[in-house]
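Chains, contacts and geometry: an overview
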Amino acid sequence: MKNPIRVYLFNILLILLITGSNLNYASGSSLEVEIDDGEAKVLIESILYQNITKFPEIDTNISGSELNMAKSDFEDALNVQARKPLNVSSLSIYVKSNDSWLNVSATFELDGVSSVENDVISTDLSWIPFKVLSDLKVGNLSYNLVGEEYLRPAIYELANQSAPSHELANQSNVNFFSPFYTPITTSMAMNIAGNVSTFDFNQFSTNFTSWSKYFDEKSFTTSWNLPTRTILDLRVQVTSENATDLRTGAEFYSYADAYATVSIPGQGVIVDHSVICENSSNRYSIIMLTNIIVLISLVIVSRYAGKRLMDTKRTPN
């Protein structure tokens, strides 16, 4: 089965190539949950490109007190919707940024998310709609509240630089649209941009009947995929002839979508926000026991057949 995150990131890059100069910044994020024997591993990928402001340059794995703080903030966010206490372990966060790009990858395991009864594993998924609210930092970079720290101030500055001194910003020739070419005010644009966050999956639904279920026979894996949805679509057009900013006449386009998938080995169903599946260790034990019985049977049969053949040869005509 193709890696959903790789396919997703390829689609993001394809959008960049297709839209060309009209697409000045795009963002997207994916959430992948892998469940095996009741252990849940979470993988998050986020990519953001923009050119109306500059990010500090960072290339590092988060560690020390900054990682401990992120762990605590993730637990707070995940436990808002969870039906029982969850703990984050083995958290890893990698951040890379330059003037225009911000890439964030995070992986962790969730403890306390599953229960086993009669060789059936039930894994709670009610925590999936979550949002980390804190301003996570590494060095001088805010890598979570990107909208609040970078995009909203940049849009405010762009609108006010382009406005004649005697006019209000929302009366200038800086035009905002969302979605597509639906006109909105400067304050609405600032609010939309300000809400952009790296670890925001609050819009994900746990109504799993709306997720697409797929079983891959080759890998013997069941997955549920949340259809890709747009969470941000914001255009900014600067047309003021009075603007001193070099970006006069430019068009900025902010687009963000989100994707999620849950996968388990073997067959399973989702009932009341929980994945229900057979204990794979028990299944493997049965398979191994069956194989042993088959092998023993073959040995017995081959020995019996060999003995009969030898007896036949020894019998005189």
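Below is a summary of the structure that appears in this document. Counting from 1, residues in each chain are numbered in the order their sequence is written. pLDDT decides what is reported in this predicted model: residues at 70 or higher carry local features, side-chain atom pairs at 80 or more are listed and counted, and totals for whole chains, interfaces and linings draw on all residues regardless. As a rule here, side-chain values cover all heavy atoms of the structure and leave hydrogens and water aside.

Structural notes on the overall build of the protein
- Secondary structure follows DSSP: runs of H or I at least 4 residues long count as helices, runs of E at least 2 residues long count as strands, and numbering of each begins at the N terminus. Within the protein one finds five helices and 16 strands.
- Only protein chains enter the accessibility calculation, which uses a 1.4 Å probe; a residue is then buried when its area is under 20% of its type maximum, exposed when over 50%, and partly exposed in between. Within the span of the protein, comprising 317 residues, buried residues form 45% of the whole.
- Once local pairs closer than 6 in sequence are excluded, the contacts in the protein between residues at least 24 apart make up 70%.
- Note on areas: Shrake-Rupley, 1.4 Å probe, and residue coverage restricted to the protein chains presented here. Here the protein displays about 16,900 Å² of accessible surface, and carbon together with sulfur accounts for 54% of that area. In what follows, a contact means two residues having at least one pair of non-hydrogen atoms within 4.5 Å.

Let's talk about the pattern of salt bridges
- By convention in these notes, a salt bridge is any Lys or Arg side-chain nitrogen within 4 Å of a carboxyl oxygen on Asp or Glu. On inspection of all chains with the given rule, the structure shows five salt bridges.
- Lys-131 serves as the salt-bridge partner of Asp-200, at 3.8 Å between the closest nitrogen and oxygen. Of the two residues, Asp-200 is situated in the loop between helix H4 (186–194) and strand S12 (212–216) and Lys-131 in the loop between strand S7 (120–124) and strand S8 (137–138); the sequence distance between them amounts to 69 residues.
- The exposure class of Asp-200 is buried, given its relative accessible area of 18%.
- The class for Lys-131 is partly exposed, based on a relative accessible area of 23%.
- When the shortest N-O distance is used, the salt bridge between Asp-135 and Lys-137 registers 3.5 Å.
- Residue Lys-137 is classed as partly exposed on the basis of its relative accessible area of 38%.
- Each member of the salt-bridge network shares a partner with another, and the members are Arg-83, Asp-124 and Asp-272.

Some words on the layout of surface pockets
- As a volume, the largest pocket reaches approximately 360 Å³.
- Around the largest pocket, the lining is made up of 23 residues, and of these Asn-195, Val-196, Ser-197, Asp-200 and Ile-231 lie nearest the centre.
- Polar here means any residue other than Ala, Val, Leu, Ile, Met, Phe, Trp, Tyr, Cys and Pro, which are nonpolar, and Asp, Glu, Lys and Arg, which are charged; Gly is therefore polar. Taken together, the residues of the lining of the largest pocket sort by class into 12 nonpolar, nine polar and two charged.
- Points on a 1 Å grid over protein atoms alone make up a cavity when a 1.4 Å probe fits among them but cannot get out, and a pocket when they form an open set with protein on both sides within 12 Å along at least five of seven lines; lining residues each have an atom within 4 Å of a point. Grid points are joined across faces, edges and corners, and a volume is the space filled by probe spheres set on the points. Put simply, the second largest pocket is a space of about 170 Å³.
- Lining the second largest pocket are Glu-34, Ile-35, Asp-36, Glu-39, Ala-40, Lys-41, Glu-109, Thr-221, Ser-263, Ile-264 and Pro-265.
- Going through the elements one at a time, strand S1 (25–36), strand S2 (39–49) and strand S14 (251–265) are the ones with two or more residues in the lining of the second largest pocket.
- A breakdown of the residues in the lining of the second largest pocket according to their chemical character gives four nonpolar, two polar and five charged.

Thoughts on the environment of Asp-119
- Tracing the sequence through the fold places Asp-119 in the loop between strand S6 (114–117) and S7.
- Each C-alpha atom of the pair Asp-119 and Glu-278 lies 6.1 Å from the other, and the pair is 159 residues apart in sequence.

Topic: unusual backbone geometry
- Omega for the bond connecting Ser-178 with Pro-179 falls within 30 degrees of zero, at -10 degrees, which places this linkage in the cis form.
- Of note in the backbone geometry, Asp-37 takes a positive phi value of approximately 55 degrees without being a glycine.
- The residue Asp-272 is not glycine, and still its phi comes out positive at about 50 degrees.

A few points about the side chain of Asp-73
- Tracing the backbone shows Asp-73 in helix H2 (residues 64–78).
- Despite its burial, Asp-73 remains without a salt bridge, the nearest opposite charge being carried by Lys-71 at 11 Å. His is not counted, nor are the chain ends; Lys and Arg add positive charge and Asp and Glu add negative charge.

Some words on the environment of Lys-71
- By the element assignment, Lys-71 lies in helix H2.
- Separated by 21 residues in sequence, Lys-71 and Ser-92 have C-alpha atoms that sit 9.2 Å apart.

Brief notes about a negative patch on the surface
- The patch calculation keeps residues exceeding 30% relative accessible area without a salt bridge and links them within 9 Å when they carry like charges or within 5 Å when they are nonpolar (Val, Leu, Ile, Met, Phe, Trp, Tyr). A single reference atom marks each charge: NZ on Lys, CZ on Arg, CG on Asp, CD on Glu. Taken together, the side chains of Glu-34, Asp-36, Asp-37, Glu-39, Glu-109 and Asp-111 define an acidic patch exposed on the protein surface.
- Where the negative patch is concerned, the elements lending two or more residues are S1 and strand S5 (101–111).
- Its location among the elements puts Asp-37 in the loop between S1 and S2.
- Owing to a relative accessible area of 36%, Asp-37 belongs among the partly exposed residues under this scheme.

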